[in-house]
Amino acid sequence: MIVLFRTTSNHTDFQKLVVQLDDYLQVIDGEDHAFYSQFNKSNLLKNALIAYENKIPVGIGAYKEYDTETIEIKRMFTFPEQRGKGVAKAILTELENWAREENYSVAILETGVELKDAISLYQKMGYQIIENYGQYIGVENSICMKKHL
């Protein structure tokens, strides 16, 4: 059974999984990793989730305010061996619920074109591909998505 824990990015288990996420993305992003990593700083995220299975952290996700109506989903990661169990869906659903509780009405995110499973999950969860926003404008390896909450 998956248990979700609301916390901040300062939590030790969150930080441990961020290291795993960054290692995973280093392989996926290749030469572009330095560009992306500058936008993925995990410190100071006040809305972070850790998914536990049998008291072991198996996934994370977070969001930060983009503007007064919009949150940006950040740092979504599930250990590869835990994928297909609904962990990421549970994390994303809880992040959206938390954002609604804080009166946000829109969620946006950026993911890499090579992350096909992530793109598929987001689309199944109601996210639609949009024009790249902010620092991702003109970045061919980025896909930006949006959902009204």
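Conventions used here
- Residues numbered from 1 in each chain as written.
- Predicted model: local features only at pLDDT ≥ 70, side-chain atom pairs only at ≥ 80, totals over all residues.
- Heavy atoms only, no water.
- Buried < 20%, exposed > 50% of the residue type's maximum accessible area, 1.4 Å probe, protein only.
- Helix = DSSP H or I, 4+ residues; strand = E, 2+ residues; numbered from the N terminus.
- Arc of directions from axis to C-beta.
- Contact = heavy atoms within 4.5 Å.
- Phe/Tyr/Trp six-rings, centres within 6.5 Å; stacked < 30°, edge-to-face > 60°.
- Salt bridge = Lys/Arg side-chain N within 4 Å of Asp/Glu carboxyl O.
- Pairing = 2+ DSSP bridges.
- Axes fitted to C-alpha atoms, helices over the stretch in contact; angles between N-to-C directions.

1. Digging into helix α4 (residues 116-124)
Here comes step 1: All of the buried residues in α4 are I119, L121 and Y122. Along the axis of α4, the buried residues cluster in a sector spanning 160°; they form a single face. Pointing more than 90 degrees away from the buried face of α4 are the exposed residues K116, D117 and K124.
Here comes step 2: The inward-facing, buried residues of α4 contact β4 (70-78), α3 (87-101), β5 (106-112) and β7 (142-148).
Here comes step 3: Positive backbone phi, approximately 100°, marks G126, located one or two places after α4.

2. Thoughts on the packing of aromatic side chains
Here comes step 1: Under the criterion given, the structure shown has 6 aromatic pairs.
Here comes step 2: Here the aromatic rings of Y66 and Y133 are separated by 5.4 Å at their centres, their planes lie at 75°, and the arrangement is edge-to-face. Of this pair, Y66 sits in the loop between β3 (56-65) and β4 while Y133 is found in the loop between β6 (128-130) and β7, placing the two residues 67 residues apart along the sequence.
Here comes step 3: Taken together, Y63, W98 and Y104 form an aromatic cluster joined through their ring pairs.

3. Things to note about the environment of R75
Here comes step 1: Its place among the elements puts R75 in strand β4.
Here comes step 2: The class of R75 is buried, set by a relative accessible area of 5%.
Here comes step 3: Distance in space between the C-alpha atoms of R75 and A62 is 5.9 Å, their sequence separation being 13 residues.

4. Considerations on the pattern of salt bridges
Here comes step 1: Scanning the entire structure with this criterion turns up 5 salt bridges.
Here comes step 2: Between E96 and K147 there is a salt bridge, and its shortest N-O distance comes to 3.1 Å. A residue pair is termed long-range when its members are at least 10 positions apart, and E96 in helix α3 and K147 in strand β7 qualify at 51 residues. K147 shares its class with E96; the two are buried.
Here comes step 3: Linked through salt bridges whose partners overlap, the residues forming this network are R6, E94 and E101.

5. A short note on unusual backbone geometry
Here comes step 1: Phi at K55 takes a positive value of approximately 65°, unusual for a residue other than glycine.
Here comes step 2: For K55, a relative accessible area of 78% gives the class exposed.
Here comes step 3: Positive phi values are uncommon outside glycine, yet R75 reaches one of about 55°.

6. Looking at the environment of K89
Here comes step 1: Inspection of the secondary structure puts K89 in helix α3.
Here comes step 2: Sequence separation between K89 and K124 is 35 residues; the distance between their C-alpha atoms is 9.4 Å.

7. Re the sheet that holds strand β2 (residues 47-53)
Two modes of strand pairing occur in sheets, parallel and antiparallel, and in both the strands are linked by backbone hydrogen bonds.
Here comes step 1: Pairing is mixed in the open sheet, where 7 strands are placed in the order β1-β2-β3-β4-β5-β7-β6. Two strands close off the open sheet at either side, each with one partner strand: β1 (2-7) and β6. Direction aside, the axes of adjacent strands within the sheet are offset by 30° on average.
Here comes step 2: Bridge count for β6 against β7 is 3 bridges, and the pairing is antiparallel. Its bridge partner lying in β7, I130 is registered against C144.

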